[in-house]
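# Results of the structural survey
Listed here are the chains, written in short residue letters.
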Amino acid sequence: MHNSTKRTVIKLLFSMMRLTFMVLTILLSLTCTLLAFSGKAQDMDKTNISVNLKKARLGEVFDELEKQSGFSFTYPTRMANISPVSIQVKDQSLKEILQILANANKLKFTRINQMISVSEVPAPATPGKISGKVLDEKGEPLPGATIKVTETGTAIQSNVDGTYQFSLPPGSYTIEVSYISYQAKRVTGVLVTEGKLTQLDIAMQPAKNSLNEVVVTSGYKKASVEGLYARQKNNAAFTDGISAEQIGRTPDKNIGESLKRISGVSTIDNKYVVVRGLGERYNGAMLNGQLMPSTELNRKQFSFDIIPSNLVDNVVVSKTITPDMSAEFGGGLVAVNTKAIPTENFLSVTVGESVNDHTTGKRFRSLKLEGQEYWGGLSDHRKLFGNFDWKNTGEILALGKFATRNNVNYLKNTSEFNNNWGLSEFNPPPSPNFQLAYGHLFPKAGEDGKIGIIASASYRNTLQTQDIQMSRDGFANDSTGTFAGKRYGFTTNIGALAGVGYTNSHTKISLQSMYLRTLDQQLILGQGAHGDNGYQAALYDIATQTTLFQHSLKGEYSPNKEGIKLNWNVAYTNLDRQKPDNHIARVGIAQDNPSLDQINTSGPVDGGFETDGGAGRWWNRTGEKNLGWNADLAVPFKLNFIPQLSNTLKSGYAGWYKDRFLFVFNTTTLSDVSDNPPLSQAFDNEHVTGITYSRFGDDFHRKAALHAGYAMLDQKIGKLRLVWGLRAEYYNLNKVNGVLDSLFVLINQGQGNKYKYDYSDLTNREKNMQFFPSANLTYRLTPKMNLRLAYSKSIIRPDLRELSFFKEYDFELGGTYEANDPIHSTTIHNYDFRYEWYPEPGDIISFSLFYKDLDYPMEIYNLGGNRQYTLRNNKSAKNKGIELELRKSFAFTGLPVIKHITLYSNFTALDASVVPMTVCHVLKKVYTFY
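Throughout, residues of each chain are indexed from 1 in the direction in which the sequence is written. Only residues with pLDDT of at least 70 are given local features in this predicted model, and only at 80 or more are side-chain atom pairs given and counted; all residues enter the totals for whole chains, interfaces and linings. The basis for every side-chain value is the complete set of heavy atoms in the structure, and neither hydrogens nor water enter the calculation.

The name recorded for the protein in an unreviewed UniProt entry is TonB-dependent receptor plug, from Mucilaginibacter paludis DSM 18603. As its UniProt record puts it under Subcellular location (unreviewed entry), the protein is described as follows: "Cell outer membrane". UniProt positions are given in the numbering used here, feature names are shortened, and annotations may be inferred rather than shown by experiment. Per UniProt, the protein carries the Sequence similarities (unreviewed entry) text "Belongs to the TonB-dependent receptor family."

Right, here's the structure in full:
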């Protein structure tokens, strides 16, 4: 072997020895490291450590553990400042201590050699919810339907009102729904988002062949659209409405403002509704299933501005009648339903304020404010002899403060009348508003039930100054000088609601209590040419306080899956409406073209209730206790000889009981203004010469009850659906007619016991029992189009107020409003046709024709043009017209703001004719012999 070759081999062997040595060294090092790690692991389990720290930072805790354990901790800098951390342990292993820290502070510890990495445990994903209703082919709830989530196997039954709800981790799910004698339905692609609610109403269709199971599969979008259509298109009557979600997108403060957003409905002063051109008495109001009393003293109408919008779940306006509705409306029945059982837990607080460039920071005038007005309370200076709680004028006169001389009733001591004609001024701040709403759901209440509670409160105070011109109350309506001035409005609205409810697959019960209070003070100051006394200044002070309590108990029960359903409700309402110490004064002006601040008065002073002048002050109050009830049973059935025809028979009993009182106390203040005092001093004690009261006021207290029974048949075959039936109502209107009572006393005055007039014909003018048939026919042209025909008979009865014998100043009429004619109820025959097209969910295009034939319609008449008004019957009237309606949602755009916009448009053309009636009273004597 050559030397070079030997050297090469030796070098190669040497290199291999070096490599072998290095590998052995590494292996020995790894082995030692593993042994060390194992020993350290044993140290973490067995080494005892003692720590006693209170309210320390987390970094300080880790520093102490490093000193005692030999391990180092690595963590983000911000984590070191987490505090307070308290730990007191003695002779515990590091592993146990780290477990304590992990549980208390949601931490995760990861060991890397002799270093321990610390990180925060991420919060678990908040589950989302799928919620909605299961509906049948008529849009009615299906209780007891089985709803299943395919991915989890979770299954529940729909509640008695068709509602259901799942709480699921975020993801995509498939929902399956089944119900006896209906096609099963599978909905795919239902997305659940973290912490969000996915709404899904599911419309079911009857099974065509009970021998073969059919499963209909559709995507989420198509299924949700079908569910919405089922409710929109399948109402038996002609209806329109607005939901809480839609109301929440608007700036509306109360339902009076929201109603004008419903197609075919307009409002007056954001308070009173007009439906199809018919206002006041021709529309009905329901709150939580109970017919509401009139809130107005001189009108049969409900003031919807007293209901705050945040308390409301939905509003539905029915324009045609079915037998299960009250028969007492001709234009529309406005049903307001407040929130009941919540679908999820929530807490919302809203604080806001509004600025009016004509009012905020500008001079505002009113009668003296004492502070309680901001909470809906009445000013103490408006009390009559120190009291608000008068029930009738007899209580007032019983004090003995009035006397009679020369047939005039006068106040003995005029200083006992509070002089509050003086005005106060201030610059109002922005108008505040607050809303609070809370709901909580207790999901486990029995096998499948849940209990929910809800509470809500709202407050709003609004001040508004308006420039006005008017020609009422005798002021001119021409170039001679229309009344011009300012209107100062001060309004406070307070509302509160509390409710509790229980629901499961068979039963739903809810109890709600609601409190509403509104204070509305309107002060009008101005001047103009008056028809009686030339150029005058005038002051009108109209203050109204309305307080409403309502307690309602409602229930639904469905015993099985056959579709049988029992509904019932009982509601008690207490309404108190006062107009305390309202003022009216018209005075002459002692100088030319004065401002309102500089008016010096001159005679005559008028506006009161006496023929010889004087300013008017009056108190009135109406109170009503109203108990209402309703119960009905719906039973589906089939006819063997027409198996394709589905039928539901619904029958029920409803009624109400009213206990109502009202009074009007009219006074006239006579004043000597010969020294031309300023307007604010014209009625102080130095100038008042006398105060009188008018016996032609009002004292009314009656109790009345109505009982109704009804039967309704809902039939559907193919594309046709017919809902028809009969309603019978018993109401003894003659028994509560105060006008007739007063008229009979007048007729028989001075006749003695032997001779008196027979007025039995008047007391039998109206039948106690009335029958009201109705029929609603719907033909489905396409899944998105309907043709509808309807007929119904309805009635408009005079309000209890209009059956009393009264006289009162009415600012809206601009004169005195009195009742001295007996009033007959109005009966109406209603005929309706409607074409409706629903292009997309929430959209509608419709065309309607309506014709109404009215017998004995009621109308307010001006008596001889002297600013005296009364309610009278006409012989008949015809009301016909057309309606066009368009509603388009921009949800299809998907844009953040645009998608919440909905355009509304409606057009109504009316043609009405009235045949007046002249009433002649023929008296005949009845001779009674003894």
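Moving on, there is more to tell.
### Here's the deal with the overall build of the protein
Strands here mean DSSP runs of E at least two residues long; helices mean DSSP runs of H or I at least four residues long; both are numbered from the N terminus. Within the protein, the secondary structure is distributed over 9 helices and 49 strands. Type-normalised accessible area, obtained with a 1.4 Å probe on protein chains alone, sets the label of each residue: buried when under 20%, exposed when over 50%, and partly exposed for intermediate values. Counting the 930 residues in the protein, one finds 47% classified as buried.

### A few points about the pairing of strand β10 (residues 171-178)
Pairing between strands is defined by DSSP: at least two bridges between them are needed. As defined by bridge partners, strand β7 (residues 146-149) adjoins β10 across 4 bridges and the pair is classed as antiparallel. Note on β10: the bridge partner recorded for V149 is I175. Two strands pair when backbone bridges link them, and β10 and strand β11 (residues 184-192) are joined in this way by 6 bridges, in the antiparallel orientation. Looking at β11, one finds that G171 is bridged to V192. What sits between β10 and β11 in their antiparallel hairpin is a turn of 5 residues, with S181 showing a positive phi close to 70°.

### Examining the pattern of salt bridges
Any Lys or Arg side-chain nitrogen located within 4 Å of an Asp or Glu carboxyl oxygen qualifies as a salt bridge. For the coordinates displayed, the defined rule picks out 26 salt bridges. Here R797 makes a salt bridge to E328, at a shortest N to O gap of 3.1 Å. Taken as a pair, R797 in the loop between β40 (785-796) and β41 (806-810) and E328 in the loop between β20 (312-318) and β21 (332-338) lie far apart in primary sequence, 469 residues in all. Since its relative accessible area comes to 4%, R797 is described here as buried. Put simply, R365 and E425 hold a salt bridge, and the shortest N to O gap is 3.3 Å.

### Notes on helix α3 (residues 94-105)
Helical geometry note: an α-helix holds 3.6 residues per turn, so side chains three or four residues apart project in the same direction. For α3, which comprises 12 residues, the first-to-last C-alpha distance of 16 Å matches the rise-based estimate of 16 Å (1.5 Å per residue) to within 8%. Within α3, burial applies to L94, I97, L98, L101 and A102. The buried residues of α3 occupy one face: seen down the axis, they fall within an arc of 140°. When the buried face of α3 is taken as reference, the exposed residues oriented beyond 90 degrees from it are K95, N103 and A104. In the stretch just after α3, K106 is the one whose phi turns positive, near 55°. To estimate how far a helix should reach, multiply one less than its number of residues by 1.5 Å. Here, the arc refers to the directions that run from the helix axis to the C-beta atoms.

### A word on helix α2 (residues 58-69)
Over its 12 residues, α2 runs 16 Å from end to end, which matches the ideal 16 Å to within 8%, given 1.5 Å per residue. Every buried residue belonging to α2 is among L58, G59, V61, F62, L65 and S69, and all of these are buried. Along the long axis of α2, the arc covered by the buried residues comes to 155°, so they all point the same way. One or two positions beyond α2, positive phi appears at G70, with a value near 85°.

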